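# A look at the structure
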Amino acid sequence: MPLSAAVISGVQKLVLYETRARYFLVGSNHAQTKHRVLKIDRTEPKDLAIIDDKHVYNQQEMRELLGRLDLGNRTKMGQKGSSGLSRAVSAYGIVGFVRFLEGYYLVLITKRRKMADIGGHSIYKIEDTNMIYIPNDSVRVTHPDEARYVRIFQNVDLSSNFYFSYSYDLSHSLQYNLTLLHSPCDPGTVEEVHTRSSRQQDSFDIFEDEGLPTQVFHGLQSEPYAKYVWNGKLLERVKDTVHPDWLMYIIHGFCGQSKLLIYGRPVHVTLIARRSSKFAGTRFLKRGANCEGDVANEVETEQIIHDASVMSFTAGSYSSYVQVRGSVPLYWSQDISTMMPKPPIRLDQADPYAHVAALHFDQMLQRFGSPIIILNLVKKREKRKHEKILSEELFPAVINLNQFLPPEHCIDYIAWDMARYTKSKLYNVLDRLSMIAENVVKRTGFFINRSDFFCHTLRPDERWGDLGGSLTSSGRVQTGVLRTNCVDCLDRTNTAQFMVGKCALAYQLYALGMIDKPKLQFDTDCVRLFEELYEDHGDTLSLQYGGSQLVHRVKTYRKIAPWTQHSKDIMQTLSRYYSNAFSDADRQDAINLFLQVYQPSESKPHLWELPTDFYLHQRNSMALTHDRRSYTYWWSEGILSYLPLPYDEVPCEENMKKVGVRRVNRYDESIDTYTEFFKPYELTSFDDTFCIAMTNSARELMPKTVGVDPSPFTVRKPEETGKSAVIGAKSSKEETVVQRKTAASAPPPPSEEQISSSSEDDSEDDRDDDGSVSQRSTPVKLLTESGESVRTQEDFLQQSMRETYGLNLAALPAEEDMLIYERFAYLGQNQHKLERTEPSVLENAINVVPVSCFTTDSIYEVSSPQVDRDNREVFEGHVLTGLGQVRSLCREDILMYREYIKNRYM
């Protein structure tokens, strides 16, 4: 069976040319060897007329075509005006086509920035866009409200956390993309694509009669997952009329990548968050779920770990773990008209048979398989019911759905009042989360694409045998997913997801052979790097949904946050309240317009005239559904037979219809990841490459002092880190040491949970519920008695010397160490007396066990290393070439030269 590879888009650079009657959009691949042309008619005032020229042009043909277009559209010689064809704008991709009340607009990506690299596939962030009105001014029919719709549409800042890739499907997980490459392709559905152009070449092909066979690959291109695509509606108008290379799908969320150096071995840690485009919106305006089972603030977070020393998807080592956050899948909302910091929660519709929850979990079973594990972090005990309302509805819904599922595939429900634990002096929040994370990762497993790692054999660990997931011939796949929620799915959820991700990271590194046991400690370079990624991830998602950054971070729940963090938390709380009260409505209108949930029409009320957008997102409120789903058989057909595997990843007939397959040559540009990534035809600066600029654990986090352990898994003290991590406001080192010793057991500062009533983790109603809740934090008391104080200072001096030199200089060395030192000192004093003809003198000085494989091993000579035959032939070939004697080319050289000639001259 031929090998498979992902198809690289053939349209990566765009140039828009303009005439009075048409726009010509010229798209080319990165090497600019193949070109395509889109013709857009500008004489239609309200319709979109696009013609896709199916021909693929080379560079010479493209110049000739543009020259003819320029000559044919020029005005008369004596007439004023510009030339016939003018260059309007350069771009990197098409976001889509949109129409309000006048004609269509073309939205182009004009600036981009590389954010991550996965197996040679680059992921870009949109930096700037350009919105171009297509119809000519002579045929334009103006409307007074057009400009207002344009302003609302542009309120969705496309330069803020929108991502795309030319060769990697960002809407799917790494597990789906790599599983697809190993799926068998139906030969009947394979599209035959010839590497040579269909036109007759005038030039002579020097390899035409060689008869050399070429290796055939299957180029695969799957349909994106519609839920996480944000420009699907904008491309819907042209999807069936243009070549797939013109279609570029973007996601919204977060993408970050850092490099973890393990003794020089590069390991890339990537975090990708995909925000759902279904039922999308802002904090108080989008709560719960809609009638189709889509929930508010639904984000799929995937952490990808891969050994960056090997780039290929087939030869490299890749691992990933996926988890989900999302609002409680019920019909509920909060009324913001009262201008309260925490509006009361109300249930909008009764759902006794958990219909909407069934639709939501049906989607999750289809995408992730089983088990689905729910981690519900909302409060359990409140004097006045607020968050507890949601738990009282969600738990019976899960019980109702589970009674129809097989016991081995039931939905697991874990309810834990995280806010209450945080306030208590008797419990450690992160320890409890670590226990939950360990159980979750053991049940779901994780994805890894290699089956030949023997880390569990060489360094066995008892936890490895209990690991869940499904074993395959090519490795291990994740089955099931953890779904975490609180009320807002922001602060508490992000900390819980970090702890689960930290636990999964340990298993991933252990499976890749990087560490000797699946356990990672806090205050190591690895966990600090991962924590920074997760905090950036949480801040970004919180800004998108809540209007401010995170209020409570991992350091807050570890109870080591500096006191300056309290003022920042207050500012973030105020920022979140201001955004929710004054700007969320405008942002919601912009999202509805961008996602085409609302499409303007002269026969409908304007967007700003609608009292609510409830009817836009709840389709059953406008029309009765013809097919009512069963309350007992609530899952989609076919899903149950494949569990615990996700139905979307099963190579069944229905799924393979979504995959486009074509036969290509091994060296074809459409699958050549090497050329796409390294770009050998370009002159680039090494210092400007993305791999140099990305966050590096050795450069950013490792201590700069000499003699420290360079391992990123060594626990460091705060003053040892590369970054100036300040734990508290205390200035003296002695206080810092005492605070570090008591950080794990000290109670939280009061403002961690009582900053403002608008924060999601606090409530005035439950402050007096538990006697263990402390209203005031107990400060850490330092020793003040004279004797104890002197002893503390002496201990601190010894500790500081140990930190600086690695040992306590005041203590005498051990007798055994002195004997070793004297023996080596004696050897050093007498080495000049040794002669090469008297090796026995060296043996008399000290008996050293030989550790070298050389036959002769002394300070005077070593045996020369042996050079194998292949290396000798390579060296002799270079020498002969320098003398002008060129050897005959082998088969691989001929194939490589043939591809070079084709790409360069044909």
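Everything below is about the structure printed above this text.
Nothing here was measured: the structure is a model prediction, and the numbers come from that model. (Residues numbered from 1 in each chain as written. Predicted model: local features only at pLDDT ≥ 70, side-chain atom pairs only at ≥ 80, totals over all residues. Heavy atoms only, no water.)

## Overview of the sheet that holds strand 2 (residues 13-18)
- Strand order in the open sheet formed by five strands is 5-4-3-2-6, with antiparallel pairing between adjacent strands. Either end of the sheet is taken by a strand with one partner, and the two such strands are strand 5 (50-57) and strand 6 (86-91). Neighbour-to-neighbour, the strand axes of the sheet open up by a mean angle of 20 degrees, direction not taken into account.
- Across five bridges, the pairing between strand 2 and strand 6 is antiparallel. Paired with Leu 16 across the two strands is Val 89, which belongs to strand 6. (Pairing = 2+ DSSP bridges. Helix = DSSP H or I, 4+ residues; strand = E, 2+ residues; numbered from the N terminus. Axes fitted to C-alpha atoms, helices over the stretch in contact; angles between N-to-C directions.)

## What to know about the packing of aromatic side chains
- Across all of its chains, the model carries 30 aromatic pairs by this definition.
- An angle of 75 degrees between the planes, with centres 5.0 Å apart, marks the rings of Phe 313 and Tyr 318 as edge-to-face. Here Phe 313 and Tyr 318 have matching classes, each one buried.
- Three or more aromatic residues joined by ring pairs make a cluster, and in this case those are Phe 100, Tyr 105, Tyr 133, Tyr 149, Phe 153, Phe 162, Trp 230, Phe 594 and Trp 608.
- In this structure, Arg 148 packs its charged tip against the face of Trp 608, placed 4.0 Å from the ring centre. (Phe/Tyr/Trp six-rings, centres within 6.5 Å; stacked < 30°, edge-to-face > 60°. Buried < 20%, exposed > 50% of the residue type's maximum accessible area, 1.4 Å probe, protein only. Lys NZ or Arg CZ within 6 Å of the ring centre and 35° of its normal.)

## Structural notes on the pairing of strand 13 (residues 251-262)
- Along strand 13, 11 of the 12 residues are buried, which leaves the element largely enclosed by surrounding structure.
- When strand 10 (residues 162-164) meets strand 13, the two strands line up antiparallel, connected through two bridges. Of the residues in strand 13, the one forming a bridge with Tyr 163 is Ile 251.
- In this structure, strand 13 lies alongside strand 14 (residues 265-275), joined through 10 bridges in antiparallel fashion. Paired with Gly 256 across the two strands is Leu 271, which belongs to strand 14.
- Here strand 13 folds back onto strand 14, and the loop between the two strands holds two residues, one of which, Tyr 263, carries a positive phi near 55 degrees.
- Across two bridges, strand 13 lies against strand 26 (residues 695-696) in parallel orientation. Paired with Ser 258 across the bridge in strand 26 is Thr 695.

## What to know about the pattern of salt bridges
- Tallied over the entire structure, the rule returns 28 salt bridges.
- Glu 236 is the salt-bridge partner of Lys 233, the closest N and O atoms lying 4.0 Å from each other.
- What emerges from the salt-bridge pattern is a single network uniting Arg 274, Glu 300, Glu 302 and Arg 367. (Salt bridge = Lys/Arg side-chain N within 4 Å of Asp/Glu carboxyl O.)

## Considerations on helix 1 (residues 59-72)
- With 14 residues, helix 1 ought to run about 20 Å at 1.5 Å a step, and its terminal C-alpha atoms sit 20 Å apart, in line with that.
- Listed as buried for helix 1 are Met 62, Leu 65, Leu 66, Leu 69 and Asp 70. Taken end-on, helix 1 shows its buried residues confined to a sector of 135 degrees, consistent with a single buried face. Set apart from the buried face of helix 1 by more than 90 degrees, the exposed residues are Arg 63, Arg 68, Leu 71 and Gly 72.
- On its buried face, helix 1 sits against strand 2, strand 3 (22-28), strand 4 (35-41) and strand 5.
- N-capping of helix 1 is provided by Asn 58, with a side-chain oxygen placed 3.2 Å from the backbone N of Gln 60. (Expected span 1.5 Å × (residues − 1). Arc of directions from axis to C-beta. Contact = heavy atoms within 4.5 Å. Polar contact = N/O pair within 3.5 Å; in protein donor to acceptor, adjacent residues only side chain to side chain.)

## A short note on the packing of helix 8 (residues 429-444) against helix 10 (residues 491-511)
- At their nearest, the axes of helix 8 and helix 10 sit 9 Å apart, and the two run at 55 degrees to each other. Taken together, helix 8 and helix 10 sit at an angle that is classed as oblique. You can see that helix 8 and helix 10 cross each other, and the crossing is right-handed. Each of Leu 430, Leu 433, Ser 434, Ala 437, Glu 438, Val 441 and Lys 442 in helix 8 lies in contact with helix 10, whose residues at this interface are Thr 495, Ala 496, Met 499, Val 500, Cys 503, Ala 504 and Tyr 507.
- Of the residues that constitute the contact of helix 8 with helix 10, the class distribution is 10 nonpolar, two polar and two charged. (Parallel < 35°, antiparallel > 145°, perpendicular 65-115°, else oblique. Left-handed = near helix turned anticlockwise from the far one by under 90°. Nonpolar A, V, L, I, M, F, W, Y, C, P; charged D, E, K, R; others polar.)

## Focus on the nonpolar core
- Core analysis: the biggest nonpolar cluster contains 55 residues, and Leu 433, Val 441, Phe 446, Phe 498, Leu 509 and Leu 520 have the highest contact counts within it.
- Contributing elements (two or more residues each) for this core: strand 13, strand 14, strand 15 (299-307), strand 19 (372-376), helix 8, helix 10, helix 11 (525-546) and helix 12 (554-558).
- Broken down by element, the residue count for this core peaks at 12 residues, all from helix 10.
- The next biggest cluster of nonpolar side chains, apart from the first, holds 34 residues, and it includes Leu 330, Ile 372, Ile 374 and Cys 410. (Core = buried A, V, L, I, M, F, W, Y, C linked by side-chain atoms within 4.5 Å.)

## Some points on unusual backbone geometry
- In this chain, Ser 370 is followed by Pro 371 through a cis amide linkage whose omega measures 10 degrees.
- By the element assignment, Pro 371 lies in the loop between helix 5 (355-368) and strand 19.
- In this structure, the amide linkage connecting Leu 643 to the following residue, Pro 644, adopts the cis form with an omega of 10 degrees.
- Along the polypeptide, Pro 644 turns up in the loop between helix 15 (639-642) and helix 16 (653-656).
- Not every positive phi belongs to a glycine, and Gln 32 is a case in point at roughly 60 degrees.
- Here the phi dihedral of Cys 489 falls at roughly 60 degrees; this positive angle occurs in a residue that is not glycine.

## Topic: the environment of Glu 535
- Position of Glu 535 relative to the elements: it lies in helix 11.
- The exposure class assigned to Glu 535 is buried, which follows from its relative accessible area of 15%.
- On a C-alpha basis, the gap between Glu 535 and Gln 549 in space is 9.4 Å, while along the polypeptide they are 14 residues apart.
- Apart from the residues within four sequence positions on either side, Glu 535 is in contact with Leu 550, Arg 553 and Val 554.

## A few points about helix 3 (residues 174-181)
- With seven of eight residues buried, helix 3 lies mostly within the body of the structure.
- By the burial criterion, the buried members of helix 3 are Leu 174, Gln 175, Tyr 176, Asn 177, Leu 178, Leu 180 and Leu 181.

## Quick word on the packing of helix 10 against helix 11
- Here helix 10 crosses helix 11 at 140 degrees, and the two axes come no closer than 10 Å. Classed by the angle they form, the pair helix 10 and helix 11 counts as oblique. Relative to helix 11, the crossing made by helix 10 is right-handed. Contacts between helix 10 and helix 11 involve Asn 494, Gln 497, Phe 498, Gly 501, Lys 502, Leu 505 and Leu 509 on the former and, on the latter, Cys 526, Val 527, Phe 530, Glu 531, Tyr 534, His 537 and Gly 538.
- The class makeup of the residues in the contact of helix 10 with helix 11 is seven nonpolar, five polar and two charged.

## A closer look at a nonpolar patch on the surface
- On the surface, Phe 875, Val 879 and Leu 883 cluster together into a nonpolar patch covering about 330 Å² of accessible area.
- In this structure Phe 875 comes out as exposed when scored by relative accessible area, which is 59%. (Patch = residues over 30% accessible without salt bridge, like charges linked within 9 Å, V, L, I, M, F, W, Y side chains within 5 Å. Areas by Shrake-Rupley, 256 points an atom, 1.4 Å probe, with all protein chains shown as cover.)

## Quick look at the side chain of Asp 52
- Mapped onto the fold, Asp 52 is located in strand 5.
- Reaching out from Asp 52, the side chain makes a polar contact with the backbone nitrogen of His 243 at a distance of 2.7 Å.
- Among all residues touching Asp 52, those that are not within four sequence positions of it are Val 37, Leu 38, Thr 241, Val 242, His 243 and Trp 246.

## Focus on the pairing of strand 19
- Of all five residues making up strand 19, five are buried, and the element is well covered by its neighbours.
- Neither face of strand 19 is exposed, since Ile 372, Ile 374 and Asn 376 on one face and Ile 373 and Leu 375 on the opposite face are all buried.
- Alignment of strand 19 against strand 24 (residues 481-485), held across five bridges, turns out to be parallel. Bridge pairing links Leu 375 to Thr 484 in strand 24.
- Bridging between strand 19 and strand 20 (residues 412-415) involves four bridges; their strand directions are parallel. The residue bridging Leu 375 from the neighbouring strand is Ile 414, located in strand 20.

## Quick look at the side chain of Asn 290
- When you line up the elements, Asn 290 lands in the loop between strand 14 and strand 15.
- Once you skip the residues sitting within four places of it in the chain, Asn 290 turns out to touch Phe 279, Tyr 331, Val 356, His 617 and Gln 618.

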